Amino acid sequence: MRISKAVRGRTAAAVSLTAVLALTATACGDDGSGSGGAEGSGKGEITLWDNNTGERRDVWARIIKDFEKQNPDIRVKYVGIPIDQVQAKYDTAIDGGGLPDVGGVGTAYLSNLVVRDVLEPVGDRIDASSLKGRLVPAMVDSVKAAGGRGDSMYSVPTSSNNGTLWYRTDLFAGAGLEPPTTWSKFYAAAERLTVAGKNRFGYTIRGGAGSIAPAMDAMYGQSGITSFWDGDRTTVNDPKNVAALEKYVALYKKVTPSADLNNDFIKMVAQWDNGSIGMLTHNLASYQDHVKALGAEKFKGLPYPAQENGSRVQVSNPVDGLGLFKNSENKAAAWKLIEFAASHKSNSAWNESAGSIPANTDAASDAWIQRAEPTAAAMKALSDGSTKIVNLPYYLPDWNTISKSGNEPNFQKVLLGDMTAKEFADKVAKELNEAQAEWNEQTKG
């Protein structure tokens, strides 16, 4: 069976899909893939792995304390894992044993766990619980898509981020500009706010690490295409997307700093916070940086611009969630923890601490969200159906390579004029179509 060059080039720590399937077919014992576990008594000790302990240890401590008070017959053993080690931790546990009862699972690596058959489907449990009808539909759809198993759900979404267009309200007011709520207003503002020779720019474009996702947001947002696939062929190189990319990259050096060519998000955010740049596209995580640098009165954040008819299209952001592991011998107690953590009060507190968008729709009216206007706008956009989400194929083993190291240098070539937007989109599309064909071949049956 053919394995793509990208997969062959990965380090030993990253398991290829073919190897994963072989492990799934032969696995047994306490690695979790061959064990069905048990519902258990609903009492006793369960283990929780937190997939971002650096930011969430304290809020998890409060949630666990409240949970154990409400469920005195259950004790939760908390294991904190740094975010940059969690995928390797799961791989090691699958191969050697010791998976938790409950674990934090992001959509970026959900498919790997699903393919290795260590996660319990949770759709039926959600439908029979207090969570039914109370999870943001866009996050539910993203979790289903990332699992790569149709409508089956393998984690309960807890939070997400969102692409945000940050703009300087003071600079907009000084130039007599309206907020950049549409793409036409965005482009007009980018030109109006640029003053050649005075280090004033309308926009800062991400040209360094992490450049592909915001470029795709600009492509799909302008084209209005709402699906990443047309059958088994990607829409990345659809002529409408190519035209949108051409317009987007034409901003470079015309209304943006030349330093943008190599800027990752850290440099880009710092440049925006410390300079006279009108607009920045980045997610909600940079909100506090902007407040600290500018003060809350000098900027605002909007979901990405809409088309002239008011419709908005965005590519998906990774969704965090909680997985129920198949090897658990006390799934009843483990599910109680998941349901409690995803409930209104706990989910709201968790996301207030993390600065993310709650998955529980009941949190939308909570005071902290209303105070954080960009978060409120993002949650509304994801919950009310006004925004169409193009789900990126996180389930493809080659996705990270294709969308990052494999093509970020080529995006820089497009900015510099050394590669056309069409050549770039066609190359990305070719690699994606091959990866999708390989995925279909390896997972059929």
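Below you will find a few notes about this structure. Quick caveat: nothing in here was measured; it's all calculated off a predicted structure. (Residues numbered from 1 in each chain as written. Predicted model: local features only at pLDDT ≥ 70, side-chain atom pairs only at ≥ 80, totals over all residues. Heavy atoms only, no water.)

**Observations regarding the environment of T169**
- Structurally, T169 can be placed in helix 8 (residues 169-174).
- Put simply, T169 and P179 are 10 residues apart on the chain and 7.9 Å apart in space, counted from C-alpha to C-alpha.
- Only 2.9 Å separates the side chain of T169 from the backbone oxygen of E297, close enough to count as a polar contact. (Helix = DSSP H or I, 4+ residues; strand = E, 2+ residues; numbered from the N terminus. Polar contact = N/O pair within 3.5 Å; in protein donor to acceptor, adjacent residues only side chain to side chain.)

**Quick notes on the packing of helix 12 (residues 265-274) against helix 13 (residues 287-294)**
- Interhelical geometry of helix 12 versus helix 13 gives an angle of 30° and a closest axis separation of 9 Å. By the angle between their axes, helix 12 is roughly parallel relative to helix 13. Helix 13 is crossed by helix 12, and the crossing has right-handed handedness. On helix 13, the residues touching V269, W272 and D273 of helix 12 are D289, H290, A293 and L294.
- Class assignment of the residues belonging to the contact of helix 12 with helix 13 gives a composition of four nonpolar, one polar and two charged. (Axes fitted to C-alpha atoms, helices over the stretch in contact; angles between N-to-C directions. Parallel < 35°, antiparallel > 145°, perpendicular 65-115°, else oblique. Left-handed = near helix turned anticlockwise from the far one by under 90°. Contact = heavy atoms within 4.5 Å. Nonpolar A, V, L, I, M, F, W, Y, C, P; charged D, E, K, R; others polar.)

**Structural notes on empty space enclosed by the protein**
- Enumeration over the complete set of coordinates arrives at five cavities of 30 Å³ or more.
- Roughly 90 Å³ of internal volume is contained in the largest cavity.
- Of all the elements in the fold, those that place two or more residues in the lining of the largest cavity are strand 1 (44-50), helix 3 (53-70), strand 12 (319-324) and helix 15 (344-354).
- Here the second largest cavity defines a volume of roughly 70 Å³.
- Lining the second largest cavity are 13 residues; nearest its centre among them are S142, S160, N317, L382 and I389.
- Among the elements of the structure, helix 7 (137-147) and strand 11 (312-315) are those that each provide at least two residues to the lining of the second largest cavity.
- Counting residues per element, the lining of the second largest cavity draws most heavily on helix 7, which supplies three residues. (1 Å grid on protein atoms, 1.4 Å probe; cavity = no way out; pocket = protein on both sides within 12 Å on 5 of 7 lines; lining within 4 Å. Points joined across faces, edges and corners; volume = space filled by probe spheres on them.)

**Details of the sheet that holds strand 13 (residues 357-358)**
- Spatial strand order, 2-1-3-12-4-13: six strands in an open sheet with mixed pairing. If you trace the sheet from one side to the other, it starts and ends with strand 2 (74-80) and strand 13, each paired once.
- Taken together, the four bridges between strand 4 (residues 156-160) and strand 12 define a ladder with antiparallel strand orientation. Counted as the bridge partner of P157 is G321 from strand 12.
- Docked against the sheet, helix 15 engages strand 4, strand 12 and strand 13, running at close to 35° with respect to strand 4. (Pairing = 2+ DSSP bridges.)

**A few points about the sheet that holds strand 9 (residues 276-283)**
- Spatial strand order, 6-9-5-10: four strands in an open sheet with mixed pairing. Single-partner strands in this sheet number two, and they are strand 6 (200-204) and strand 10 (299-303). Adjacent strand axes in the sheet meet at a mean angle of 20°, parallel and antiparallel pairs treated alike.
- Sheet topology note: the strand 5 (residues 163-168)/strand 9 ladder contains five bridges and is antiparallel. When the bridges of strand 9 are listed, Y167 appears paired with M279.
- Against the sheet, helix 9 (residues 183-192) makes contact with strand 5, strand 6 and strand 9, and its axis sits at roughly 150° relative to strand 6, the strand it touches most.
- Together, strand 5, strand 6, strand 9 and strand 10 form the strand contacts of helix 12, whose direction differs from that of strand 9 by roughly 145°.

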